[in-house]
Amino acid sequence: GAGVSQSPSNKVTEKGKDVELRCDPISGHTALYWYRQSLGQGLEFLIYFQGNSAPDKSGLPSDRFSAERTGGSVSTLTIQRTQQEDSAVYLCASSPQGAVGQPQHFGDGTRLSIL
Amino acid sequence: GDSVTQMEGPVTLSEEAFLTINCTYTATGYPSLFWYVQYPGEGLQLLLKATKADDKGSNKGFEATYRKETTSFHLEKGSVQVSDSAVYFCALSDRAPLVFGKGTRLSVIA
């Protein structure tokens with residue numbers, strides 16, 4: 001079946017611009033996660049949505065980062081006033097219920113480059 | 001906070017060699033442990049997992065045993081192939097989000 005889908009696959013933008021990254025999770029998965037993969041920091045958790053609960057935003061690095069999940073499905077990660085240190089691969093994952101020990105299914109990521 | 005430490009790479013092995021990638025963790029609770037793999041040009045995918053002490057996860061000839069006494073989850077394979085060349089990530093979860101190690105790049109040469 002269809003996996004986690006992310007778009008765009010690549011994004012190049014100028015410093016100071018806003019960007020939106022999209023994630024379409026596996027159908028029926030109630031848990032959705034955003035991670036960031038960068039050379040210096042490895043894989044870092046950003047934000048987690050589980051059903052209708054308030055999202056866990058504890059990993060967001062600054063208030064320039066925000067995310068929404070509409071209708072319990074598609075999610076958008078927005079970065080405002082981008083900086084060069086935001087350059088990274090942004091990964092989205094989903095799991096059936098978000099329970100501890102449940103494997104997460106990852107998309108191929110969006111490679112973001114800030115000029 | 002929770003953390004995962006895995007051996008730094010890159011690791012280069014000849015085909016059919018024995019592989020060990022060390023992983024140790026720090027966690028306040030009783031986490032689940034995972035190995036994820038990222039093949040060249042592909043996304044991150046689950047390789048194996050273990051959810052409690054002494055559990056052994058296995059897949060594609062890879063194995064890892066959850067050792068609570070040493071807080072370790074070392075990845076092993078008896079005979080690696082060129083197709084195993086990838087980046088391997090150890091991860092833990094004691095709440096839903098994963099905490100990852102920095103990854104170990106493995107290159108297997110024929």
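Scoring rules and cut-offs
Residues numbered from 1 in each chain as written. Chains lettered and ligands numbered in written order. Predicted model: local features only at pLDDT ≥ 70, side-chain atom pairs only at ≥ 80, totals over all residues. Heavy atoms only, no water. Contact = heavy atoms within 4.5 Å. Salt bridge = Lys/Arg side-chain N within 4 Å of Asp/Glu carboxyl O. Helix = DSSP H or I, 4+ residues; strand = E, 2+ residues; numbered from the N terminus. Nonpolar A, V, L, I, M, F, W, Y, C, P; charged D, E, K, R; others polar. Buried < 20%, exposed > 50% of the residue type's maximum accessible area, 1.4 Å probe, protein only. Pairing = 2+ DSSP bridges. Core = buried A, V, L, I, M, F, W, Y, C linked by side-chain atoms within 4.5 Å. Disulfide = S-S within 2.5 Å.

Even after reading the chapter, I still don't get the interface of chain B and chain A, so can you show me in this structure?
Size of an interface, as often reported, equals the accessible area lost when the parts are brought together. Each partner contributes to the interface: chain B provides 18 residues, whereas chain A provides 19 residues. Inspection of the region where chain B meets chain A yields one salt bridge. Note that Asp56 of chain A is salt-bridged to Arg95 of chain B, the shortest N-O span being 2.5 Å. Listing elements by their share of the side of chain B that touches chain A, those giving two or more residues are β5 (32–38), β6 (44–50) and β10 (86–93) of chain B. Counted by class, the side of chain B that touches chain A contains nine nonpolar, five polar and four charged residues.

Just to check I follow, could you spell out the environment of Phe45 of chain A for this structure?
Along the polypeptide, Phe45 of chain A turns up in strand β5 (residues 42–50). With a relative accessible area of 13%, Phe45 of chain A lands in the buried category. Separated by twelve residues in sequence, Phe45 of chain A and Lys57 of chain A have C-alpha atoms that sit 9.3 Å apart. When neighbours within four sequence positions are excluded, Phe45 of chain A is seen to be in contact with Trp34, Tyr35, Asp56, Ser58 and Gly59 of chain A together with Arg95, Pro97 and Leu98 of chain B.

Mind showing me how you'd approach the pairing of strand β7 (residues 56–59) of chain B here?
In the case of a regular strand, side chains alternate between the two sheet surfaces. Residue and element names in this part refer to chain B. The pairing of β7 with strand β8 (residues 62–65) spans four bridges and is classified as antiparallel. Looking at β8, one finds that Lys56 is bridged to Thr65. Counted between consecutive antiparallel strands, the loop separating β7 from β8 contains two residues, among which Lys60 sits at a positive phi close to 55°.

It is not clear to me how the nonpolar core should be interpreted in this structure. Could you clarify?
The tendency in soluble globular proteins is for nonpolar side chains to be buried as a group. By size, the foremost hydrophobic cluster in this structure holds 26 residues, and its most contacted members are Trp35, Leu47, Leu48, Phe73, Leu75 and Tyr88 of chain B. Sorting the residues of this core by element identifies β2 (11–14), β3 (19–21), β4 (23–26), β5, β6, β8, β10 and β12 (104–109) of chain B as the ones contributing at least two each. Considering each element in turn, this core owes the most residues, four residues, to β10 of chain B. Of all hydrophobic cores here, the second largest spans 20 residues; its members include Val19, Leu60, Ala67 and Leu77 of chain A.

Can you walk me through the state of the cysteines in this structure?
A covalent bond between the sulfur atoms of two cysteines is what we call a disulfide. As enumerated under the stated definition, the model contains two disulfides over all chains in all. Note on cysteine connectivity: Cys23 of chain A is disulfide-linked to Cys92 of chain A, with sulfurs 1.9 Å apart. Here the disulfide of Cys23 of chain A and Cys92 of chain A is left-handed, its torsion about the S-S bond being about -65°. One end of the pair, Cys23 of chain A, is in strand β3 (residues 19–24); the other, Cys92 of chain A, is in strand β8 (residues 88–95), and 69 residues separate them in sequence. Classification of Cys23 of chain A by relative accessible area gives buried; the value is 0%. The disulfide that involves Cys23 of chain B links it to Cys90 of chain B, with 1.9 Å between the sulfurs. Disulfide Cys23 of chain B-Cys90 of chain B: torsion about the S-S bond near -70°, hence left-handed. Of this pair, Cys23 of chain B sits in strand β4 while Cys90 of chain B is found in strand β10, placing the two residues 67 residues apart along the sequence.

I'm lost on the pattern of salt bridges in this one. Help?
Think of it this way: side chains of opposite charge can pair up when their charged atoms draw near. Going through the model one piece at a time under the given rule, you end up with seven salt bridges over all chains. A salt bridge links Arg64 of chain A to Asp86 of chain A; the nearest nitrogen and oxygen atoms lie 2.8 Å apart. A residue pair is termed long-range when its members are at least 10 positions apart, and Arg64 of chain A in the loop between β5 and β6 (65–69) and Asp86 of chain A in the loop between β7 (75–79) and β8 qualify at 22 residues. A residue is classified by how much of its surface remains accessible, and Asp86 of chain A, at 2% relative accessible area, is buried. The salt bridge partner of Asp84 of chain B is Lys77 of chain B, with a shortest N-O separation of 2.8 Å. Take Asp84 of chain B: its relative accessible area is 6%, and that puts it in the buried class. Residue class for Lys77 of chain B comes out buried when judged on its relative accessible area of 10%.

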